[in-house]
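# Architecture at a glance
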Amino acid sequence: MAGNWKMHKTAGETRSFLQKLAPEMAGATHVEVVVCPPFVNVSAAVEAVGSSHIEIGAQDVFWLKEGAYTGEVSAPMLASIGCRWVIIGHSERRQYFGETDESVFKKTVAALDAGLKPIVCVGERLEERESGATEAVLSVQCNQGLGRLTPEQFKRIVVAYEPVWAIGTGKTATPEMAAATHGFVRSEIGARYGAEIADACRILYGGSVKPDNVKGLMAQAEIDGALVGGASLDAASFAAIVNF
């Protein structure tokens, strides 16, 4: 279960939140719990979680180790301050900041090389879903972005299916709809890497997951966890999702 805070919370708010959340995670040994604050709060988050069950991730990363790239943050920089995970290819990065399948691939390789665990996102827009293009869009994203990894690299990533039309809108796919799309993503992975790797791959659902819908979503065999947006900004709400 991963919480993506997007552009929310100061350093002080980050510490307070995680100090409140940590006791709620004490019994959540059945699941990996990740919180992804903005870059400027990663250090504060790492300090706040201490030896708890919570791990910290970032929301993006650059594909080179260093250089004249104003405003960017490298994978070794993140790893050096205790960051363990990174979200790559989130729909908002694709929509607002020009993220492409090529940059997703390069960022994923850079993250793996630095020992980070990538959560790599795929998903379709509303017009693509309504026009019946969901599978075509996902196939391209899976093969041009993810499909260029070696099998050994692919084994070390987590995939997140996030229907763009369900992010920040309050809409969500039905559990059955989400499971069917997860199944298609898994089949694309299987076609490239084989059934064993596809079956072992964890695919998270990332479309407006909340305490009142998480149980139905997680009951689907194809869904292996959640990438949680707005509901991860409240400690009680996120704890309820993790401990569903």
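In short, a report on the structure. (Residues numbered from 1 in each chain as written. Predicted model: local features only at pLDDT ≥ 70, side-chain atom pairs only at ≥ 80, totals over all residues. Heavy atoms only, no water.)

## A look at the environment of Lys210
How we decide: Starting at the N terminus, helices and strands are each numbered in turn, a helix being any DSSP run of H or I of at least four residues and a strand any DSSP run of E of at least two.
Following the sequence through the fold, Lys210 ends up in the loop between β7 (203–205) and α11 (214–218). Considered as a pair, Lys210 and Gly230 are 20 residues apart in the sequence and their alpha carbons are 8.5 Å apart.

## As for the layout of surface pockets
Operational definition: Every definition here rests on a 1 Å grid over the protein atoms only: cavities are sets of points where a 1.4 Å probe fits but cannot get out, pockets are open sets enclosed by protein on both sides within 12 Å along at least five of seven lines, and lining residues have some atom within 4 Å of a point. Grid points are joined across faces, edges and corners, and a volume is the space filled by probe spheres set on the points. In this count, Pro and Cys sit with the nonpolar residues alongside Ala, Val, Leu, Ile, Met, Phe, Trp and Tyr, while Asp, Glu, Lys and Arg are called charged and the others, Gly among them, polar.
Within this model, the largest pocket holds a volume of roughly 420 Å³. Forming the walls of the largest pocket are 16 residues, and the residues nearest its centre are Lys6, Met7, Gln59, Arg93 and Phe97. The element contributing the most residues to the lining of the largest pocket is helix α4 (residues 91–97), with 4 residues. Considered class by class, the residues forming the lining of the largest pocket number 7 nonpolar, 4 polar and 5 charged. Per-class residue counts for the lining of the second largest pocket are 12 nonpolar, 2 polar and 3 charged.

## Quick look at the packing of helix α7 (residues 134–146) against helix α9 (residues 175–193)
Inclusion rule: Fitted lines through C-alpha atoms serve as axes, helices being fitted only where they are in contact, and the angles separating the N-to-C directions of these axes extend from 0 to 180 degrees. The scheme is simple: roughly parallel for angles under 35 degrees, roughly antiparallel for over 145, roughly perpendicular for 65 to 115, oblique for anything else. Left-handed describes a crossing whose near helix is turned anticlockwise from the far helix through less than a right angle; right-handed describes the clockwise counterpart. Here, two residues are considered to be in contact whenever any of their heavy atoms come within 4.5 Å of each other.
In the contact formed by α7 and α9, the axes pass within 10 Å of each other and the chain directions differ by 40°. Overall, the two elements α7 and α9 adopt an arrangement that is oblique. In this structure, α7 crosses over α9, and the sense of that crossing is right-handed. Between α7 and α9, the contacting residues are Thr134, Glu135, Leu138, Ser139, Cys142, Asn143 and Leu146 on the first element and Thr181, Phe184, Val185, Glu188 and Tyr193 on the second.

## Regarding the environment of Ser187
Selection rule: By the criterion applied in these results, polar contacts are pairs of N or O atoms within 3.5 Å in which, for protein atoms, one can donate a hydrogen and the other can accept it, and in which residues neighboring in sequence qualify only through two side-chain atoms.
Locating Ser187 in the fold gives a position in helix α9. A distance of 2.5 Å separates a polar atom in the side chain of Ser187 from the backbone oxygen of Phe184.

## Re the nonpolar core
Applicable threshold: Only buried residues count toward a nonpolar core. Its members are Ala, Val, Leu, Ile, Met, Phe, Trp, Tyr and Cys residues joined through side-chain atoms within 4.5 Å. Exposed residues in this analysis have more than 50% of their type's maximum accessible area, buried residues have under 20%, and partly exposed residues fall in between, with area computed by a 1.4 Å probe over protein chains only.
Grouped together as the largest cluster of nonpolar side chains are 67 residues, with contacts concentrated most on Leu18, Leu21, Ile54, Phe154, Val159, Ile189 and Tyr205. In terms of nonpolar packing, the next biggest core, distinct from the first, is built from 11 residues, Cys36, Ile119, Val158 and Ala160 among them.

## Comments concerning the sheet that holds strand β3 (residues 54–58)
Think of a sheet as strands paired side by side through backbone hydrogen bonds, with each pair either parallel or antiparallel. Applicable threshold: Strands were regarded as paired on the criterion that DSSP finds at least two bridges between them.
Spatial ordering of the open sheet is given by β7-β6-β5-β4-β3-β2-β1-β8, a layout of 8 strands whose pairing is parallel. Edge positions in the sheet fall to β7 and β8 (227–228), since each has one partner strand and no second. Two elements, β3 and strand β4 (residues 85–88), share 2 bridges in a ladder whose sense is parallel. Each residue of the ladder has a partner; that of Gly57, found in β4, is Trp85. Seen against the sheet, α9 touches β5 (117–122), β6 (158–161) and β7 and runs at an angle of roughly 155° to β7.

## Side note on the pairing of β5
For β5, the buried fraction is high: 5 of the 6 residues fall into the buried class. Pairing of β4 with β5, which is carried by 4 bridges, proceeds in the parallel orientation. By the bridge assignment, Ile88 is partnered in β5 with Val120.

## Focus: the pattern of salt bridges
Heads up, the rule is: Salt bridges are defined by distance alone: a side-chain nitrogen of Lys or Arg within 4 Å of a carboxyl oxygen of Asp or Glu.
Across all of its chains, the model carries 15 salt bridges by this definition. Between Glu102 and Arg148 there is a salt bridge whose closest N-O contact spans 2.4 Å. Linking Glu102 in helix α5 (residues 101–113) with Arg148 in the loop between α7 and α8 (151–154), this pair joins segments that are 46 residues apart in sequence. Glu102 gets classed as partly exposed once you look at its relative accessible area, which sits at 36%. Put simply, Lys155 and Glu152 hold a salt bridge, and the shortest N to O gap is 3.1 Å. Of the two residues, Lys155 and Glu152, neither departs from the other in class, the shared state being exposed. Residues joined by salt bridges that share partners form a network here, namely Glu32, Glu55, Lys117 and Arg202.

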